[in-house]
Amino acid sequence: MEVWGYNGTKTAVVLPLTGSERGTFGAGFYMGDLACAIEFANEDGGEVLELKVEFHHPLIYEAEFDHDYDFDSPAVGLIQHLFDADEAHEIIERSMASDGYFGADVAQKIRERGFDGLIVDYGDGVFEAVVFGDVTPLVERVMSFSEAKEQLEPLVKTAMRLG
């Protein structure tokens, strides 16, 4: 499955790229749609990476916010799906008590189940993907913040006409 995605940075890109140790869906390199990447980028020196990833067997997860925890995280259902009930509860509680993110245990569990990445579907074409491993060879282009906004503008105008 070929996935094109974007990653926004607060500063200029430094190679080699490394993934986050903690994130909404665990450790890994995050990418999403262009609008999302622009939100994460910084106008003063930030950049947007365009990446092409070839997933062979990704875990596809439909994000959900409806759960029994007082925790605004779309990952709760994923954690409950991956881990047994007691372990999931412990991992979620630990995340709630700290930064609200999850660590390498999530990526490890996904890999143990034979998946090579994670694609989170938020609906309406909005997505987020988590890549495990080195993504430096996957970078197709690096854009300045302003270049990325210029690329997004025609897409927004088209969506407004269709809506």
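**Q** Mind showing me how you'd approach the overall build of the chain here?
**A** Within the chain one finds five helices and seven strands. Over its C-alpha trace the chain gives a radius of gyration of 16 Å, about what one expects of a compact globule, namely 15 Å for 163 residues. Overall size of the chain, expressed as C-alpha extent along the three principal axes, is 50 × 40 × 30 Å. Counting the 163 residues in the chain, one finds 42% classified as buried. Taking the contacts inside the chain whose residues are at least 6 apart along the sequence as the reference set, 74% of them involve residues at least 24 apart. Summed over all atoms, the accessible surface of the chain reaches about 9,400 Å², with 50% contributed by carbon and sulfur. Looking at the chain, you have 11 positive and 32 negative side-chain charges, and the mean spots of the two groups are 5 Å apart.

**Q** Which parts of the structure should I look at to understand the layout of surface pockets?
**A** Space left empty within the atom packing is revealed by a probe, the size of a water molecule, rolled over the atoms. Empty space within the largest pocket amounts to approximately 460 Å³. Around the largest pocket, the lining comprises 24 residues; the ones closest to its centre are N7, S20, Y30, F40 and E128. Of all the elements in the fold, those that place two or more residues in the lining of the largest pocket are strand 1 (2-8), strand 2 (29-32), helix 1 (34-40) and strand 6 (126-131). Classifying every residue of the lining of the largest pocket by side-chain character gives 12 nonpolar, nine polar and three charged. Partitioning the lining of the second largest pocket into residue classes produces seven nonpolar, five polar and one charged.

**Q** Sorry, what's going on with the pattern of salt bridges here?
**A** Two side chains bearing opposite charge may form a pair once their charged atoms approach each other closely. Applying the stated criterion across every chain, the model contains five salt bridges. Put simply, E50 and R141 hold a salt bridge, and the shortest N to O gap is 3.2 Å. With E50 in strand 3 (residues 47-54) and R141 in strand 7 (residues 139-144), this residue pair connects regions lying 91 residues apart in the sequence. D105 is paired through a salt bridge with R94; the nearest N and O atoms lie 3.7 Å apart. Residue D105 is found in helix 4 (residues 104-112), and its partner R94 is found in helix 3 (residues 85-97); the two are separated by 11 residues along the sequence. Residue classification places D105 among the partly exposed positions, given a relative accessible area of 27%. The exposure class assigned to R94 is partly exposed, which follows from its relative accessible area of 44%. Salt bridges sharing common partners tie together E90, R94 and D105.

Cut-off values and rules
Residues numbered from 1 in each chain as written. Predicted model: local features only at pLDDT ≥ 70, side-chain atom pairs only at ≥ 80, totals over all residues. Heavy atoms only, no water. Helix = DSSP H or I, 4+ residues; strand = E, 2+ residues; numbered from the N terminus. Rg over C-alpha atoms; globule rule 2.2 N^0.38 Å. Buried < 20%, exposed > 50% of the residue type's maximum accessible area, 1.4 Å probe, protein only. Contact = heavy atoms within 4.5 Å. Areas by Shrake-Rupley, 256 points an atom, 1.4 Å probe, with all protein chains shown as cover. Lys, Arg positive; Asp, Glu negative; His and termini not counted. Charge placed at Lys NZ, Arg CZ, Asp CG, Glu CD. 1 Å grid on protein atoms, 1.4 Å probe; cavity = no way out; pocket = protein on both sides within 12 Å on 5 of 7 lines; lining within 4 Å. Points joined across faces, edges and corners; volume = space filled by probe spheres on them. Nonpolar A, V, L, I, M, F, W, Y, C, P; charged D, E, K, R; others polar. Salt bridge = Lys/Arg side-chain N within 4 Å of Asp/Glu carboxyl O.

Fair warning: the whole summary comes from geometry, so function is off the table for now.
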